[in-house]
Amino acid sequence: MNTTTNTITGGSVGGPVVQARSIHGGVHIHPGPAQRWQRPAQLPRPATVFVDRTAEQATVTATLAAGRIAVLVGPDGIGRTALAARVLRAHDEPGGYLAADLRPAAGRAPVALEVLGGWLRALGAPQVPERLDEAQGLWRTLSAARRPAVLLAGALDDTLVGDLLPAAGCRTVVTAPAPLSGLVPHGAVHLDLGPLPAGDAGDLLAALACRELERGDWPGVERLVEVCAGLPIAIGLAAAQLQLDPDLTPAHLAHTLTPSTAASRSHPVEKAVHRALDQAHARLDDTHAAAYRVLGALPPVPVDAFLLAAATGTDPATAAAHLAALERRHLTATAGEGPTGPRHRLPGPGHDHAAALATALDGPRAATDTVLRALSWWVGAAETAGALASARRPLLAPDAALATIGHPPFTGAAGARTWLDAQEPLVRPLVDAAARASHHTLVWRAALALWPLVLAGRDYPLWLWLYRLALDAVRQDPDAPPAALRQTLNSLAIGLRATGHHDEALDLLHVALASADTDPADDAALSRAQHLHDIGATRHDAGHPESARAPLEEALRLRRELGYVRGVALTEIVLAGVLADLGETRPALALLRRARQALAGESLEAMRALAWTGRVLAGAGHPVLAGRVLGAAQDAAEALGNVLWSARLREWRALACEAAGRPAAAYQLFAASLEAYTAAASSSDVRRLARHLERLTGPAGRSPT
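First, a word on what this report is: a plain description of the structure on this page. (Residues numbered from 1 in each chain as written. Predicted model: local features only at pLDDT ≥ 70, side-chain atom pairs only at ≥ 80, totals over all residues. Heavy atoms only, no water.)

## Examining the nonpolar core
Core analysis: the largest hydrophobic core is formed by 126 residues, its most contacted members being V173, L205, L224, Y292, W378, W419 and Y467. Ignoring any residue separated from it by four or fewer positions in sequence, one finds L205 in contact with V221, L224, V225, I235, A238, A239 and L242. Membership of the second largest hydrophobic core comes to 35 residues, among which are L610, L617, A626 and L630. (Core = buried A, V, L, I, M, F, W, Y, C linked by side-chain atoms within 4.5 Å. Buried < 20%, exposed > 50% of the residue type's maximum accessible area, 1.4 Å probe, protein only. Contact = heavy atoms within 4.5 Å.)

In structure tokens:
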């Protein structure tokens, strides 16, 4: 008897492993899908000059090293976020850095699911769950695996912070204007931040102003930092004025900042910040000052030169000059690089200040017109981008009037997709602003234009929120064409189907179908075919293939009559799955063969057709051939980085292996599929895979060998 021994010394082996007594033929190992995530770097840009806070830095560092949550408490402008970012950035995190601003903006507080959606996408999640508990579960899973550092800035609600806490082991800093007692049970340690000492505040002022101060200047410096209440934000604004006006002395600036009457604001910190902001605004030339107020009139979103140009009625070059001037005065901060250049935003106190000035100096009507100009340009650009980036045949043409407002900041389909992807942080604030101002047309047009972004991101809370809002808007818009209602209903129904709300989705689709049936417009037939397709797909997803067949066959007939080749192929894929479930293998395979030929130039759709071909073969009793076809489809899915399809194909390959009498291989593939579905936060799929594994383990609870 021969004995074989395998020994590994001095290290470990990673990657796929095959353990077998004998192997006949080839071994085909499918690698996991390539990671398409990039290490996030969401912390604010580091301060170029940082003084004092040595003891605080040491305390925060020790708190984090002990596995505790650090909560930095102090008023706005005290430097909480700068200190937090400095401490976090001092330790290189392999999982990157995630940050969220939790201060209410435009009267609206952040929602946990929105914040988690952004973080999950940053960590590479292929979709965002609809439910908060599922999103939190995925967040804890991914944060445990990636170990990002987390900054939660401007927190007012300890419940919201608790909903956002990552897995244990992730360094987490919270900044807040007041203590958050509800975080103490989570292991939080509070640290109060006070104003900078006079000497350090003077050093910061001199360093930022780029001045060599003489001994005679120091009494004025001491008075100036006293007027600024030792607040870094106010000191920075004062330093910008000293740097840009060489004839201005610290003493004179301190005199102009000193209130001559009893201040109307109660808190000395607030008085100091607003005095400094008032003075900085007063020293701007008229055009830069007007741009500052325009930024206050807009929702607090990252603004690039194109968006500001639209809001101010100027050109991007002029707007870029405004942003550069405001940054030199420390009135704005960069908010990262966008597809068209740097983005800027007003810090929290700055936005409140600029918004108040916009209303007081320019009037409420001017502020409203500013927002309307910006929204109109943004929606027009989104419509142009959506038309270029989407393979979906539109049921509604872009608005020609919106398309003429300015020039789109992109060219070609690739540029349009890049620009659309970068709009995600702007979607909720801008569409919400349009809704609150009752700009109903802009709301539903924005939602329809953003379809490629929504479909690619699969952020289901955003998806359902956006199209529910759009549906309300299109129903209130007396000028909305019937096609707008139908496309909005269809877009919302697809999101509902994806989240398992089949009955509600079908109700909406039947409303859309009824509208198409009574609409004499030329495009109504195309719309009717779309709704029939989605009714059939929804019934099939709900487990009713027998009632899915008729609407799909009618959709196929209409699309063939209309010459919509791509639409024909997509309906053929869905109908093939229905026919396979009904036991009609040959016609199902014929449909899939035609669909693959028609979609040869589209990698994703061609992969779907190939995957369904393997699925149909497996159901028809050809598990070996099905395994080969499904293996090729899985290779294609993983080359595309499509996590959900990769998980689904592992499951289908497992079923084929089980049918071929290979339970051990089936178990391994089911386990890999379960892991992938878990990472994708697809709860219904996770439950189904768990049942598959339970079936294979049997009563003894042992996996097959």
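## Some remarks on the sheet that holds strand 1 (residues 69-73)
Ordered in space as 2-3-4-1-5, the five strands form an open sheet in which the pairing is parallel. For this open sheet the edge positions go to strand 2 (97-101) and strand 5 (188-192), each flanked by a neighbour on one side alone. Strand-to-strand twist of the sheet, defined as the mean angle between neighbouring strand axes without regard to direction, takes the value 15 degrees. Summarising the sheet, strand 1 and strand 4 (residues 172-176) pair through four bridges and their orientation is parallel. Each bridged residue has a counterpart across the sheet, and for A70 the counterpart in strand 4 is V173. Along the sheet, helix 1 (residues 54-65) contacts strand 1, strand 4 and strand 5; its crossing angle with strand 1, the most-contacted strand, is approximately 150 degrees. Here helix 3 (residues 112-122) sits on the sheet in contact with strand 2 and strand 3 (149-153), set at roughly 160 degrees to strand 2. (Pairing = 2+ DSSP bridges. Helix = DSSP H or I, 4+ residues; strand = E, 2+ residues; numbered from the N terminus. Axes fitted to C-alpha atoms, helices over the stretch in contact; angles between N-to-C directions.)

## Details of the packing of helix 29 (residues 623-640) against helix 30 (residues 643-659)
Contact geometry of helix 29 with helix 30 gives a least axis separation of 9 Å together with a crossing angle of 165 degrees. One way to sum up the angle between helix 29 and helix 30 is to call them roughly antiparallel. By crossing handedness, the relation of helix 29 to helix 30 is classed as left-handed. In this structure, helix 29 contributes P623, G627, L630, G631, A633, Q634, A637 and E638 to the contact, and helix 30 contributes W645, S646, L649, R650, W652, R653, A656 and A659. Classifying every residue of the contact of helix 29 with helix 30 gives nine nonpolar, four polar and three charged. (Parallel < 35°, antiparallel > 145°, perpendicular 65-115°, else oblique. Left-handed = near helix turned anticlockwise from the far one by under 90°. Nonpolar A, V, L, I, M, F, W, Y, C, P; charged D, E, K, R; others polar.)

## Considering the side chain of E651
Relative to the elements of secondary structure, E651 occurs in helix 30. Looking at E651, the relative accessible area reads 4%, which means it is buried. Setting aside residues up to four positions removed in sequence, E651 forms contacts with F670, S673, Y677, R688, L689 and H692.

## Quick look at the environment of A354
Along the chain, A354 turns up in helix 14 (residues 348-362). Here the alpha-carbon distance between A354 and A289, two residues 65 residues apart in the chain, equals 9.4 Å. Leave out the neighbours within four places in its chain, and A354 touches Y292, R293, G296 and L346.

## With respect to the packing of helix 15 (residues 364-389) against helix 17 (residues 412-421)
Relative to each other, helix 15 and helix 17 sit at 130 degrees, their axes nearing to 8 Å. Between helix 15 and helix 17, the interaxial angle falls into the category oblique. Classified by chirality, the crossing of helix 17 by helix 15 is left-handed. Contacts from W377, W378, A381, A382, A385, G386, L388 and A389 in helix 15 reach G412, A413, A416, R417, W419 and L420 in helix 17. Considered class by class, the residues forming the contact of helix 15 with helix 17 number eleven nonpolar, two polar and one charged.

## Looking at helix 17
Burial in helix 17 covers these residues: A416, W419 and L420. Around the axis of helix 17, the buried residues are gathered within 100 degrees of arc, so they sit on the same side. The secondary structure elements touched by the buried residues of helix 17 are helix 15, helix 18 (424-436), helix 19 (440-449) and helix 20 (451-457). (Arc of directions from axis to C-beta.)

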